[in-house]
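Structural characterization, general
In case you want the letters, here they are:
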Amino acid sequence: MDNSCSIKTVGVPKIHSPLDAVQFIEDNEYVLLNPVVKILPKEAERPLQGVSQHQRPATPIPFDTTNKKCFQKAGPRSRIFFDAETVQVGIVTCGGLCPGLNNVIRAIVNCFYYRYGVKKPIYGFRYGYYGIANKDYISLTPEVVKDIHNLGGSYLGSSRGHQDSKVMVDNIIDLGIDILVTIGGDGTQKGAHQIYEEVTKRNKQISVIGVPKTVDNDLAYVDRTFGFETAIEQAQAPILAAHQEARSVFNGIGLVKLMGRDSGFIALNASISSGDVNIVLLPEAKFTMEELIEYLIIRFKTSEHCVIVCAEGAGQDILPPTGKTDKSGNTVLQDIGLFLKSEIPKRLTEKGIESKVIYIDPSYQIRCCKANPFDAAYSTILAQMCCHAAMAGKTDMIVGSINNQYVHVPLLKATEYRKKVDKNGTYFQAMLDQTGMPEWLDLIRNRKGENQPEIASPEPKLATI
Ligand code: ATP
Ligand code: MG
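The residue count restarts for each chain, going from 1 along the sequence in the order it is written. For this description, chains carry letters from A and ligands carry numbers from 1, given in the order in which they are written. In view of the model being predicted, local features appear only for residues whose pLDDT reaches at least 70, and side-chain atom pairs are presented and counted only at 80 or more, with totals across whole chains, interfaces and linings using the full set of residues. Only hydrogens and water are removed before side-chain values are computed, so all heavy atoms of the structure are retained for them.

Looking at an unreviewed UniProt entry, one finds the chain named 6-phosphofructokinase, with Piromyces finnis as its source organism. UniProt positions are given in the numbering used here, feature names are shortened, and annotations may be inferred rather than shown by experiment. In the Function (unreviewed entry) part of its UniProt record, the chain is described as follows: "Catalyzes the phosphorylation of D-fructose 6-phosphate to fructose 1,6-bisphosphate by ATP, the first committing step of glycolysis." In its Cofactor (unreviewed entry) section, the UniProt record describing the chain reads: "Mg(2+)".

In terms of regular secondary structure, the chain is built from 15 helices and 20 strands. Looking at the chain as a whole, 52% of its 465 residues qualify as buried. Residue contacts are defined here by distance: any two heavy atoms, one from each residue, within 4.5 Å place the two residues in contact. Contacts spanning at least 24 positions in sequence make up 80% of the contacts within the chain whose residues lie at least 6 apart. Note on areas: these come from Shrake-Rupley sampling with a 1.4 Å probe, and a residue is covered only by the protein chains present in the view. Surface accessibility of the chain: about 20,900 Å² in total, with carbon and sulfur atoms responsible for 50%. Elements are defined by DSSP. Helices are runs of H or I of four residues or more, strands are runs of E of two residues or more, and each kind is numbered from the N terminus. We call a residue buried when its accessible area falls under 20% of the maximum for its residue type, exposed when it is over 50%, and partly exposed in between, using a 1.4 Å probe and counting protein chains only.

For the rest of this paragraph, the subject is the packing of aromatic side chains. Geometry of aromatic contacts follows a simple scheme: Phe, Tyr and Trp rings, the Trp one being its six-membered ring, pair when their centres are within 6.5 Å, and the pair is stacked under 30 degrees between planes, edge-to-face over 60, tilted otherwise. Using the criterion set out here, one finds eight aromatic pairs in the structure. With centroids separated by 6.1 Å and ring planes inclined at 40 degrees, the aromatic side chains of tyrosine 378 and tyrosine 406 adopt a geometry described as tilted. Of the two residues, tyrosine 378 is situated in helix α12 (residues 373-391) and tyrosine 406 in strand β19 (residues 405-410); the sequence distance between them amounts to 28 residues. Like tyrosine 406, tyrosine 378 is buried.

Turning next to the site of ligand 1. Residue proximity to a molecule or strand is established when one non-hydrogen atom of the residue lies within 4 Å of it. In the neighbourhood of ligand 1, 18 residues make up the surrounding shell, with Gly96, Gly161, Asp186, Thr188 and Ser328 lying closest. In protein, a polar contact requires one atom able to donate a hydrogen and another able to accept it; more generally it is a pair of N or O atoms within 3.5 Å, and residues adjacent in sequence count only if both atoms are side-chain atoms. Note that an oxygen atom of ligand 1 is positioned 2.9 Å from one of the backbone N or O atoms of glycine 187. In this structure, an oxygen atom belonging to ligand 1 sits 2.8 Å away from a side-chain N or O atom of lysine 213. Within the complex, the protein chains bury 82% of what would otherwise be the 620 Å² of accessible surface of ligand 1. Per-element tally for the shell around ligand 1: the top contributor is helix α6 (residues 186-201), with six residues.

Pairing between strands is defined by DSSP: at least two bridges between them are needed. Pairing is parallel in the open sheet, where four strands are placed in the order β14-β15-β13-β16. Each edge of the sheet is formed by a strand with only one pairing partner; in this case those strands are β14 (279-281) and β16 (356-360). Within this sheet the neighbouring strands show an average axis-to-axis angle of 20 degrees, counted without direction. Here strand β13 (residues 252-258) runs beside strand β15 (residues 305-311); their pairing, made up of seven bridges, is parallel. Pairing of lysine 257 across the sheet is with cysteine 310, part of β15. A fitted line through C-alpha atoms represents every axis, and for helices the fit uses only the stretch in contact; the resulting angles, taken between N-to-C directions, go from 0 to 180 degrees. Against the sheet, helix α9 (residues 289-302) contacts β13, β14 and β15, and its axis sits at roughly 150 degrees relative to β15.

Time to look at the environment of threonine 200. Here threonine 200 shows up in helix α6. Along the chain, threonine 200 and glutamine 23 lie 177 residues apart, while their C-alpha atoms are 32 Å from each other.

Moving on: the confidence of the model for the chain. On average, residues of the chain score 90 in pLDDT, and 87% of them are at 70 or above. Note on the complex model: pTM 0.89, ipTM 0.94. Each residue carries a pLDDT score, the predictor's confidence in it, ranging from 0 to 100.

What follows covers the side chain of serine 363. Mapped onto the elements of the fold, serine 363 is located in helix α11 (residues 363-367). Those residues in contact with serine 363 that sit more than four places away from it in its chain are Lys257 and Met259.

The span one expects for a helix is its residue count, reduced by one, times 1.5 Å. Here α12 contains 19 residues, and its C-alpha end-to-end distance of 27 Å stays within 8% of the 27 Å for a straight helix at 1.5 Å per residue. Taken together, the buried positions of α12 are occupied by Asp375, Tyr378, Ser379, Leu382, Ala383, Met385, Cys386, Cys387, His388, Ala389, Ala390 and Met391. Of the residues that open α12, the one with a side-chain oxygen 3.1 Å from the backbone nitrogen of phenylalanine 374 is asparagine 372. One or two residues past the end of α12 sits glycine 393, with phi positive at roughly 90 degrees.

Each patch is assembled from residues with relative accessible area greater than 30% and no salt bridge, linking like charges that lie within 9 Å and nonpolar side chains (Val, Leu, Ile, Met, Phe, Trp, Tyr) that lie within 5 Å. The salt bridge definition used is simple: a Lys or Arg side-chain nitrogen within 4 Å of an Asp or Glu carboxyl oxygen. Residues Val144, Leu151 and Tyr155 make up a contiguous nonpolar surface patch of about 240 Å² in total accessible area. Of the residues examined, tyrosine 155 reaches a relative accessible area of 35% and is grouped as partly exposed.

Turning our attention to the UniProt feature "domain: Phosphofructokinase" (unreviewed entry) in the chain. UniProt annotation of "domain: Phosphofructokinase" (unreviewed entry) refers to residues 89-388 when read in the numbering used here. In the segment residues 89-388, helix accounts for 43% and strand for 16%; the C-alpha atoms at its two ends are 13 Å apart.

Burial analysis of strand β12 (residues 207-212) places six of its six residues in the buried class, the great majority of the element. What you see with β12 is no split at all: Ser207, Ile209 and Val211 on one side and Val208, Gly210 and Pro212 on the other are buried throughout. Of the pairings in the sheet, the one linking strand β11 (residues 179-184) to β12 comprises six bridges and is parallel in character. Considered in β12, the bridge of leucine 180 is made with valine 208. Crossovers are marked right-handed if the path from the first strand over the helix to the second runs clockwise, as seen with the strands pointing away from the viewer. In terms of handedness, the path from β11 via α6 over to β12 forms a crossover that is right-handed. Both β12 and strand β18 (residues 397-402) contribute to a ladder of two bridges, which runs parallel.

Structure follows, in structure tokens:
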């Protein structure tokens, strides 16, 4: 196994877990990132040596685990590090909003209180890392959080912007915090790693555990992040509206911009689900205005309307960069939606074609809404896994899920790269089939060689099943 996936602990867990009647997970249980394994050719072809197939003894079948990554399985441990009587927990939410944030906060508070018997009220830092740097917090108890899962947004508030990790760690130590839960995206988890490093420098046994929040579902190594399913569901109404509007005027173009700065998973999945989308524009697939206009002209010969779904990070190369960054240092993107809204009818008019664009940007409505039942359950379980890891003294990691198994991923691994839409994958092909998109876009031409490979483990290993 690749050692870079190993999980750090703040100390040896010696306390018997107060949880009863649960299936404890052991630290040596791992989950394969890619569950597809090949039986070694030599073994598969091994001569039967006079023994018929059904008589052949059931020997273990060696399979090749070269390049296979594994992640530690999440879940309750039989021995924990922190004493529930004295442990002090703090929670922070940073970055943009995402459906499910309040479910995570509520489930963390409830799990620490009800399952582990934590006694001290939990510090809920207000407005992200600003709250830690400025000791701005509220007390969280089950009574306080009992209804927050019915609300969208973040009950604690969120923010962007740099905060000094030394100042934050001064305050974390001053407040007597043993466990810090960081709920946020890549920036937040990079910040969490800095806090971990500062805590380690000071020789403090403080556990830093992240619950990853990215509505775009672009987190490295994990299958799904909470809020993603809700976003796809919420995108359906605007797409339907765009379709109805487009159908109701001559050469109507319904244009919907959806979230997805670097990865177009929401636009891709929402378009497959909808069935009404004709063109999907993703950050992973380059296109030119000439190609887009050419296709619209072809389409208008057979149909008098068109629905375009565009991810916010699509087409950034056809616009001049803004040259701006937000408070956290993230690049401010050009508004591709507004650009297409004005550019498409202009270019069609130049070709003597009348059209009308109906533009819908539902991003804020989507990201601030309450989690759907899938995400509500998923975010709750992730939060519980986070509590188990934290109480066991694990640190510098996030919780996630791989192949329907909950896992621990080191913070640095989780922020190593962004997951991208696989243009050779099932979903991309399903989108092409569903929309009937032609091969004129770079979508097809650049298909090869852009996908993120599974990073090779340093040493080939053998295992048996
Ligand atoms: P989103 O997905 O909404 O962008 P995010 O967690 O990435 O979520 P950011 O605004 O980028 O949101 O970052 C949140 C917090 O993390 C901010 O306070 C920011 O200063 C801090 N942060 C961002 N990037 C880093 C980094 N590279 N190192 C340390 N801290 C960071
Ligand atoms: Mg981010």
